[in-house]
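Chains, contacts and geometry: an overview
The residues making up each chain are set out below.
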Amino acid sequence: MRPNKRDELVSKALKVFYRDGFHATGMDKLVVETGVSKTSMYKHFSTKEDLIVAALRLRDENFRNWFFQRIDEMAETPADQIIVSFDALKEWFEEDGFRGCMFIKAGAEYQDKDHPIHVQAAEHKQLLLEHFTAIARQAGAHDPRKLASQIVLLQEGAIVSAVLLKNCDPAEDAKDAAKHLLAKALAEPRQPKGVL
C-alpha cells in the first residue's frame, strides 16, 4: 500500500472508530467501511490496535491544530484565549456527528496505563495541559500549572456533559466557571522565582 493509501486507510478508520468505538469495530467492519482488504491492512498494521494508535495520532494532530487555531482566531490576549476555548468547544459540540472525545473513549476502553492506546490518549491530554499552562503563564497567572489543570478539567467535564446531558449548556457553564478561576488566578500575587 502506497503511503498515501496508508494515510487514507488511517483517515477512514479514524471516522469509523470515532463513530462506533474501538472494541465494537472489528477488522471485517473496517474492510467494509474503508474499502481496504484485510491483507492490505495487515501489510502496514500488524494488529487492529496498531491501526487504532495511528488513528489516535491523526486525531490528536487534527484536533489540536483546529482547537489552537480557532482559539487564536477568536481572542488576542492569553487571558481571553483561555475563556474562548469554551466557545471553540461549543462549536465542536454543535457539529453533526459529534460523539465526544475519542481520547476519553480510548482511555476508558483500554484502561491498562501501559497499553499503547492508553498511552497515546494520555499524551493527547498532556499536550493540552502543557499548551494551556503556557497560555496561563503568558496571562500572568499566579500558578499557571494549577490554572491550566483547572481549565482542562472544565473542558473535559464539558465534553462529557455535552455527550450525556441534554438539559444544559456545558460549554457556557464551564466558561462561566473558567472566568472565576481566571480572575482568582490573576488576582493572586505571583511567587518570586525560587520560592516553593
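The preceding data block contains the structure.
Since the model is a prediction, treat every value here as computed from it, not as a measurement.

On to the overall build of the protein chain, then. Across its full length, the protein chain carries nine helices and zero strands. Its helices and strands in sequence order give the protein chain the pattern α-α-α-α-α-α-α-α-α, from N to C terminus. If you line up the protein chain on its principal axes, its C-alpha atoms span 60 × 40 × 30 Å. With 196 residues in all, the protein chain has 42% of them scored as buried.

Let's shift gears to the nonpolar core. Within the largest apolar cluster, 59 residues are counted, with the highest numbers of intra-cluster contacts made by Phe17, Phe67, Trp92, Phe93 and Phe132. For this core, the element with the most residues is helix H4 (residues 48-74), which contributes 10 residues. Discounting residues that sit within four places of it in the chain, phenylalanine 67 has contacts with Ser85, Ala88, Leu89, Leu128, Phe132 and Gln155.

Counting along an α-helix, one turn takes 3.6 residues, and residues three or four places apart therefore face a common direction. Turning to helix H2 (residues 27-34), its buried residues are Met27, Leu30 and Thr34. In an axial view of H2, the angular spread of the buried residues amounts to 50°, which keeps them on one side of the axis. Exposed residues on H2 whose side chains face more than 90 degrees from its buried face are Asp28 and Val32. In the stretch just after H2, glycine 35 is the one whose phi turns positive, near 75°.

Calculation criteria
Residues numbered from 1 in each chain as written. Predicted model: local features only at pLDDT ≥ 70, side-chain atom pairs only at ≥ 80, totals over all residues. Heavy atoms only, no water. Helix = DSSP H or I, 4+ residues; strand = E, 2+ residues; numbered from the N terminus. Buried < 20%, exposed > 50% of the residue type's maximum accessible area, 1.4 Å probe, protein only. Core = buried A, V, L, I, M, F, W, Y, C linked by side-chain atoms within 4.5 Å. Contact = heavy atoms within 4.5 Å. Arc of directions from axis to C-beta.

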